[in-house]
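Here is how the chains run, residue by residue.
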Amino acid sequence: MSILVDTNTRLCTSGITGREGTFHTLRNRDYGTQVVAGVTPGKGGQDVDGIPVFNTFHDAVDKQGANTAMIFVPPRFAADSILEAEDAGIELIICITEGIPAHDELRVYNTLKKNRRARLIGPNCPGILSPGKASVGIIPASFFNAGNVGVVSRSGTLTYQIGYVLAQSGFGNSSIVGIGGDPVPGTDFIDVIGMFQDDPETELIVMCGEIGGDAEERAADFIEESVTKPVIGYIAGFTAPPGKTMGHAGAIVSGSHGTAVAKEQALTAKGVTVGRTPTQVAEAAVATLRG
Amino acid sequence: MDLLEYQGKQLFARHGVPVPAGKPASTVQEAVAAADEIGYPCAVKAQVQIGGRGKLGGIKIAQNRAEAEQYADAILGMDIRGLTVHELWIEGASEIASEYYASVVFDRSAKAPLVMLSTKGGMDIEQVADEDPDAIATLHVDPLLGFQDFHGRRLAFESGVDADVVRPVGAMLAKLYEVFTAEEATLVEVNPLIVTPDRDVRALDAKVTLDDNALYRHPDNAALRDLSAEDPQEVMAKERGLTYVKLDGNIGILANGAGLSMSTLDVVAEAGGAPANFLDAGGGSRADAITAAVEVILSDTKVKAVLFNIFGGITRCDEVARGLIEAFAQIEPTVPFVVRLDGTNGEEGRALLAEAKLPNVYAESTMDGAAAKVVELAS
């Protein structure tokens, strides 16, 4: 098993005719993901390397049975595209786009929450990979093998780094989920950790957090209450000065809130092993799995 | 983007939030002319993005023209916690009967705007929150519904503001919420919000943070960015499309991806080093992007050694290596570089670097090894 994306995924890319959209959609298809459609308003009827392009998400759902959306459009169009996908009945929406205005994210988050029809992953995330089954997004899938480690992360390259060290030690992944580096992620650590807890294939969970917000602190409480599988944590940003946005819009220490130290302490207090470097995380994971 | 007090007040005024009349000034002459126009007594206020400027001599009340001139002269050019005062805001002095606190905050945790009101105004609100949390009335607003009149009444009654100003304070909260949404702010804070002896309610200060990602919809606000107040290296990086944050140390850092970049700083610190900067090169592995990044890093004269930490995913290490070789041809750096290339085409990248025999460049294949090496070179 795996979570969120697998062989039942029927993907439709919004912004498929753009340079990045085309490149990554075709990579996802090469990996084995069922890519059934693309959406670019005004380009309906065309195709991208055999993938039919539609004007609307509604057409992509009606004609091709798309059930998963990947959003690649520029930030100013992204909120609209997510809401369109949801309106068309898409159940899983994965938004890669970085730089969406915070108030747009607030509106999208609260609309999806109210309607309870669709799950949003991201924005500003690398996507989801279930090795051997499906890859949706920009994760370099060739590094990862199927296995029993579930990874959830706010950062892309950091995830690759940790996953790579794990792979070199001979371990693979059930799924790798990038929840993104923005202040209002559609899906949080708690949601994904809960899915890994329920996934029979996942035996160990790795969560990569970073400064800003309190998602890691809330995850710590959730892990203590509801998670029986071992969890290894990592927090990036111990050296980040307060008040500075560190690359990700959500990675900012505000006053005394959202520091790496506070997050590490919250996790450690609930029994989660926290590695100080990506290598330590991978080593702790290997030690736990070899028991 | 953080606005200066007067910029925030000008935004407030546009949305009908009552503020004292005032004018900005950047010379003593302008300040005196503004004071004459506004009338005496008036407040001469340093415009810097830092709290507590009043206690540090950055706010004075002038009773007459001579005092206005004297204070303007003293405050312009003053150093307030490392920030030089380039601008003043001259406004009519307000008489104060009560000082309150009001704010609208982008609450990431609740994923909704949080409106706060307290009668403990004029103090550090984080301190109030720690010592006397009940003194702050709080309420989350459903962003799909917006701020309703009853929200204002509830907060006003709950916080215990004087009964006769419940209505105007509630109305002010509604307008602050309008500023928050219409201008796409992530913070709108008024401390103090004052009640005058005539029972007028006014925003005596304004702290506004705007969402950088939304500035394209607000060109007037985007024009308020004051590049002279920002770190010159950060400005240089921004012009080159790079994400750079200046730090205090002597080890220049470049990595790809925000998370890996932050992690690289931590690993260097863990190895006993002090990072000079955060720099996320993003997917930009091309030669021009790397040349630009190296230029920005080396423009900080404190830098004694540089660490490149690249984990190739979509980014290919051989491209990064080529970029670095080209950058070296153009810049000829004098400090040592440690380059860690791993992931996609890592071996090819390391081979290219080895062939090029760049002076003072050390190739490493692991993040920890690279951090140890750069710390050794910088010390």
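Residues numbered from 1 in each chain as written. Chains lettered and ligands numbered in written order. Predicted model: local features only at pLDDT ≥ 70, side-chain atom pairs only at ≥ 80, totals over all residues.

## Side note on the packing of helix H5 (residues 149–159) of chain B against helix H6 (residues 166–182) of chain B
Residue and element names in this part refer to chain B. Convention followed: Note on method: axes are straight lines fitted to C-alpha atoms, helices fitted across the in-contact stretch only, with angles between N-to-C directions ranging 0 to 180 degrees. Comment: elements are numbered from the N terminus, with helices defined as DSSP H or I runs of at least four residues and strands as E runs of at least two. In what follows, roughly perpendicular refers to angles from 65 to 115 degrees, roughly parallel to angles under 35, roughly antiparallel to angles over 145, and oblique to any angle outside these ranges. Two helices cross in a left-handed way if the nearer one is turned anticlockwise from the farther one by less than a right angle. They cross in a right-handed way if the turn is clockwise. By the convention adopted here, residues are in contact when the distance between their C-beta atoms, placed from the backbone, does not exceed 7 Å.
Two elements in contact, H5 and H6, have axes separated by 8 Å at closest approach and are oriented at 125°. Taken together, H5 and H6 sit at an angle that is classed as oblique. With respect to the hand of their crossing, H5 and H6 are arranged in right-handed fashion. Residues Asp 149, Gly 152, Arg 153, Leu 155, Ala 156 and Phe 157 of H5 form the contact with H6, whose own contacting residues are Val 166, Val 169, Gly 170, Ala 171, Leu 173 and Ala 174.

## Details of the packing of helix H5 (residues 156–168) of chain A against helix H9 (residues 278–290) of chain A
All names here are of chain A. This is how the line gets drawn: For this classification, the nonpolar set comprises Ala, Val, Leu, Ile, Met, Phe, Trp, Tyr, Cys and Pro, the charged set comprises Asp, Glu, Lys and Arg, and every other residue, Gly included, is treated as polar.
Two elements in contact, H5 and H9, have axes separated by 9 Å at closest approach and are oriented at 45°. Considered as vectors, H5 and H9 are oriented oblique to each other. Considering the relative orientation of H5 and H9, their crossing is right-handed. Across the interface between the two elements, Leu 158, Gln 161, Ile 162, Val 165 and Leu 166 of H5 pack against Pro 278, Thr 279, Val 281, Ala 282 and Ala 285 of H9. Considering only residue class, the contact of H5 with H9 consists of eight nonpolar, two polar and no charged.

## Looking at the interface of chain A and chain B
With 48 residues of chain A in contact, the opposing surface of chain B contributes 41 residues. Looking at the side of chain A that touches chain B, the elements with two or more residues in it are helix H3 (75–87), helix H4 (102–115), H5, strand E12 (204–210) and H9 of chain A. The element that contributes the greatest number of residues to the side of chain A that touches chain B is H4(A), accounting for eight residues. Its residues assigned to classes, the side of chain A that touches chain B shows 22 nonpolar, 18 polar and eight charged.

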